[in-house]
Amino acid sequence: MARWCYRHRLVVLLLWVGALLGLGAAASTAGTDYANVFSLPNTDSKRAYDQMEKAFPERAGDTDTVVWKVDTGSVRDQSVQSRIQPALEKIGKMAGVGGVTGPYAGDRGAAQISANGKIAYAQITFAEQANAVPKQLVQDVVDTAQGAERGGLHVELGGQAIQRVQEPPTGLAEMIGILAAAVVLFLAFGSLFAMLLPIGIAIFGVGTGLFSTQLLSHVTSVPDLAPLLATLIGLGVGIDYALFIVTRHRRGILRGMDPEESAVIALNTSGRAVLFAGGTVCIALAGMLVTNLRFLDGVVIGTSLTVVFSVLAAVTLLPALLGFLGSRVLSRRQRRKLAAEGPEPERASGFAARWSASVQRRPRSIAVMALVVMAILAIPVLSLRLGATDQGNDDASTTTRKAYDLLAEGFGPGFNGPLQVVSTGGDTNKLVQGIRSTAGVAQVAALPPAQGVTVIQVVPTTSPQSEKTDQLIDTLRDKVIPDAGAQAHVGGVTAISKDFSTVTGDRLPLFIATIIGLGFLLLMIAFRSLVVPLTAALMNLIAAAASFGVLVAIFQWGWGLSLLGLGKEGPINAFLPVIMLSLLFGLSMDYQVFLVSRMHEEWVHTKDNARAVRVGLAETSRVINSAALIMVCVFLAFVLSGDSGAAMAGVGLAAAVALDAFILRTALVPAAMHLLGKSNWWLPAGLEKRLPHLAVEPAEEAESLPRASAGGSSVVHGFVRDAEGAPVDGAVLTLLSKGGRQLDRVTSLADGSYIVSVPTPGTYLLSATASSYGARARHVVVTDEPLVHDLELTEGEVDAVN
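Residues numbered from 1 in each chain as written. Predicted model: local features only at pLDDT ≥ 70, side-chain atom pairs only at ≥ 80, totals over all residues. Heavy atoms only, no water.

Before going further, it helps to spend a moment on the sheet that holds strand β6 (residues 419-425). Strand pairing in a sheet is mediated by backbone hydrogen bonds. Such pairs are either parallel or antiparallel. What the 4 strands build is an open sheet, ordered β7-β8-β6-β9; its pairing is antiparallel. Strands with a single pairing partner mark the edges of an open sheet, and in this sheet they are β7 (441-446) and β9 (487-491). Neighbour to neighbour, the strand axes of the sheet diverge by 20° on average, direction disregarded. Pairing analysis gives 5 bridges linking β6 to strand β8 (residues 454-460), with the strands arranged antiparallel. Paired with glutamine 420 across the bridge in β8 is glutamine 457. Along the sheet, helix α17 (residues 428-436) makes contact with β6, β7, β8 and β9, crossing β8 at roughly 5°. (Pairing = 2+ DSSP bridges. Helix = DSSP H or I, 4+ residues; strand = E, 2+ residues; numbered from the N terminus. Axes fitted to C-alpha atoms, helices over the stretch in contact; angles between N-to-C directions. Contact = heavy atoms within 4.5 Å.)

What follows is about the sheet that holds strand β3 (residues 119-126). Spatially, β2-β3-β1-β4 is the arrangement adopted by the 4 strands of the open sheet, whose pairing is antiparallel. Edge strands, defined here as strands with exactly one partner in the open sheet, are β2 (97-101) and β4 (153-158). Across the sheet, the axes of successive neighbouring strands diverge by a mean angle of 20°, strand direction being ignored. Relative to β3, β2 is paired through 4 bridges, and the arrangement is antiparallel. Its bridge partner lying in β3, glycine 99 is registered against threonine 125. Each of β1 (63-70), β2, β3 and β4 is contacted by helix α4 (residues 78-92), which is oriented at about 160° to β2, the strand it contacts most.

Another aspect to go through is the nonpolar core. Met288, Ile579, Tyr591 and Phe635 are the most contacted members of the largest nonpolar core, which totals 155 residues. Sequence-distant contacts of tyrosine 591, defined by excluding residues within four places in its chain, comprise Asp240, Phe244, Ile624, Ala627, Ala628, Met631, Val657, Asp660, Ala661 and Arg665. Membership of the second largest hydrophobic core comes to 30 residues, among which are Leu88, Ile113, Phe126 and Val138. (Core = buried A, V, L, I, M, F, W, Y, C linked by side-chain atoms within 4.5 Å. Buried < 20%, exposed > 50% of the residue type's maximum accessible area, 1.4 Å probe, protein only.)

Judged by how many residues are buried, β8 sits mostly within the fold: 7 of 7 residues are covered. Residue alternation in β8 divides its side chains into two sets, Thr454, Ile456, Val458 and Pro460 and Val455, Gln457 and Val459, and both sets are buried. Pairing between β7 and β8: 5 bridges, direction antiparallel. Bridging across to β8, alanine 445 finds its partner in glutamine 457.

Looking now at a positive patch on the surface. Side chains of Arg332, Arg333, Arg336 and Lys337 sit close together on the surface and give a patch of like positive charge. Following the sequence through the fold, arginine 332 ends up in helix α13 (residues 332-341). (Patch = residues over 30% accessible without salt bridge, like charges linked within 9 Å, V, L, I, M, F, W, Y side chains within 5 Å. Areas by Shrake-Rupley, 256 points an atom, 1.4 Å probe, with all protein chains shown as cover. Salt bridge = Lys/Arg side-chain N within 4 Å of Asp/Glu carboxyl O. Lys, Arg positive; Asp, Glu negative; His and termini not counted. Charge placed at Lys NZ, Arg CZ, Asp CG, Glu CD.)

Its 29 residues give helix α23 (residues 609-637) an end-to-end C-alpha distance of 40 Å, which sits within 8% of 42 Å, the value for a rise of 1.5 Å per residue. Of all the bends in α23, the largest measures some 40° and sits at threonine 620. Counting buried residues in α23 gives 21 out of 29 residues, a clear majority hidden from the surface. If you check the start of α23, you find a side-chain oxygen 3.2 Å away from the backbone N of alanine 610, and it comes from aspartate 608. (Expected span 1.5 Å × (residues − 1). Bend = angle between axes of the 7 residues up to and from the residue. Polar contact = N/O pair within 3.5 Å; in protein donor to acceptor, adjacent residues only side chain to side chain.)

Before going further, it helps to examine the environment of alanine 181. Tracing the chain through its elements places alanine 181 in helix α8 (residues 172-189). Placed 149 residues apart in sequence, alanine 181 and leucine 330 show a C-alpha to C-alpha distance of 18 Å.

Take the packing of aromatic side chains next. What characterises a pair of aromatic rings is the spacing of the ring centres plus the angle enclosed by the ring planes. A full pass over the atoms with the stated rule returns 8 aromatic pairs. Considering the side-chain rings of tryptophan 68 and tyrosine 104, the 6.1 Å spacing of their centres and the 45° angle between planes classify their relative orientation as tilted. Note that tryptophan 68 is positioned in strand β1 and tyrosine 104 in the loop between β2 and α5 (106-109), a separation of 36 residues in sequence. With respect to burial, tryptophan 68 and tyrosine 104 carry one shared label: buried. Aromatic pair tryptophan 603 and tryptophan 681: ring centres 5.7 Å apart, planes at 15°, arrangement stacked. Of this pair, tryptophan 603 sits in helix α22 (residues 576-606) while tryptophan 681 is found in the loop between α24 (644-676) and α25 (685-690), placing the two residues 78 residues apart along the sequence. Across the pair, exposure class does not vary: tryptophan 603 and tryptophan 681 are buried alike. Here a set of aromatic residues connected by ring pairs shows up, and it is made of Tyr121, Phe411 and Phe415. One cation-aromatic arrangement involves arginine 721 over phenylalanine 719; the distance from NZ or CZ to the ring centre is 4.8 Å. (Phe/Tyr/Trp six-rings, centres within 6.5 Å; stacked < 30°, edge-to-face > 60°. Lys NZ or Arg CZ within 6 Å of the ring centre and 35° of its normal.)

Note that all results are geometric; they support no functional claim without further evidence.
Here it is, written out as structure tokens:
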């Protein structure tokens, strides 16, 4: 497939461009229909909502708030009322608005004015929940309310529906992430063309994935969080997958291979690992389905689609683009050096090789140091508290944050998260008195009953994110309501958030067991080992604990939060552990596959565990670290998105990837594998027979010919001459296996003769390079007899593509 894409590169490119433009046009025509289907069956808050919807269908929707403040005088002044009241009446008449309750009518309205008379509010109840309210209606409400402003009169709006139209401009975080990735790629490759390849692949993968998700939002429930997370993960894996393949391709060219053969071998080795890694990410994402939280189904669809398209782009579009570039995928300096000095030897060098040797010499001390670092970072996770960010975490410039602060200033912090106690039977007056006398309650007001249902508005003394508010909800449910002998349920946004956190926490163990179990099974099949997948599972748990420890320290304890410009500390978003663990386990498996597949390849050939681990780490650590650095840049860029949930996910994933790549995969995993020795590759014989075979690496000799004898080596020999027939002295000849491994390397003599040794009969690649001559690479089929093979080199640079 790689060879076909390489040779038909224009067709492949046009197909991808057509797919991207076609999906983009269809998506822009259809528009978006994202819907946050947030259902928590069998929870107290869901029962409260169902009763409200039944008794007050026009009031069961989202309740938002208009808040105004005067600099001088009082909000009761006629000059203020004459501007606010007409705006409220206009809002109340809009289609889709269930009702408006203002402070200027009746005795109850007086409670909506602060004690000092400077701040007042009105409540707007929509007919639908926040996610179902049309954005245009919400924008009309905002424009009408803020149209009443004048000098000294400030009007702000808060609530979930209002928050939807206050979303920051999209694209800034993505652009900064791509620019940061481009810098890392340029430093890694030293070539503009090589730098552009992974970014181009990511753009095609993310673009087609997002457009497809947008179209699917019309036929299934996809939350508006899905495209943000799909972009986050799509940019990361798209760039990384292309990086792994391009790195392997460049290494092949530097070792004297023809660009086409190098691309084919790169796709047949690293490309297989990309397919496998992409599959593991999708499986980890699908693990979210076991939580039975319907809200996450659309997230799984959007992110998985983007990963699938990123993988397809990497294994089809990338070889086509490599065909257009040819040897220009190398920098000019590398091309000049290759022409002058010939192919590079097949050995790792530099810091990666020195570090790998250090790990082999001192595996025990390095493993202990890595474990200590990870354990220290994981300590804060012991105080993890799940909850929900609210508008107090919004950017200080948004109207929702200003309304939140005004309400807290005028009526107390609990006003931003009122509870709704929905009573369907019993003594309501006794229930109201019981709630009023409960510690932690600031205000209680019972609305007129309808159809036997009474709604009691309860304002806590503490903020919605406070742990004391959660304790108040438990007190109302477990003590106050039973003591009053009432049939009642506690609802409202704050209660829903608490129930969601509880449900998520209860289902996390099953979710973690599912994705670890699936990952273990996949790695066991791929690497024919029990110890390798067990090590990977333990490392994933360590990485998860440490990354959540970092999250708790920053977002829950507030360490360094001001430097990020993300407001005040609070609980960790309840949905974040599920999403983050899915992505973390998927990405961790990526690095494990790329690292261990190279080790496994070496183990298969040498059966020397120490060499396999040393060579595998030396040859893959640099590209794994570069890939991780790119992901960290992309994820951290989402701090600039203006969305606190996206910022939290970005910081958490950046920490997870950095710790996983820089500490676990380059220190702890290889150190542990050195300590475990040959047991790394142990698999019971009975299990070996029953497991299906899934080759992450290609068979070295898929096309070898039948041998007349059981073994024995052979040789290829001949002469290297130029176009005039003159011998070429000093030409470098390299024999490579079908998998791209260097088997022998010699230099031609003064008469142009050479001889290379062949380990077993089969099909090999023989390349020849010499100063001032173009490179030549040919397949040779060797039997038990020596093979005579002459090569002709042409003076000047040869266009290896054409």
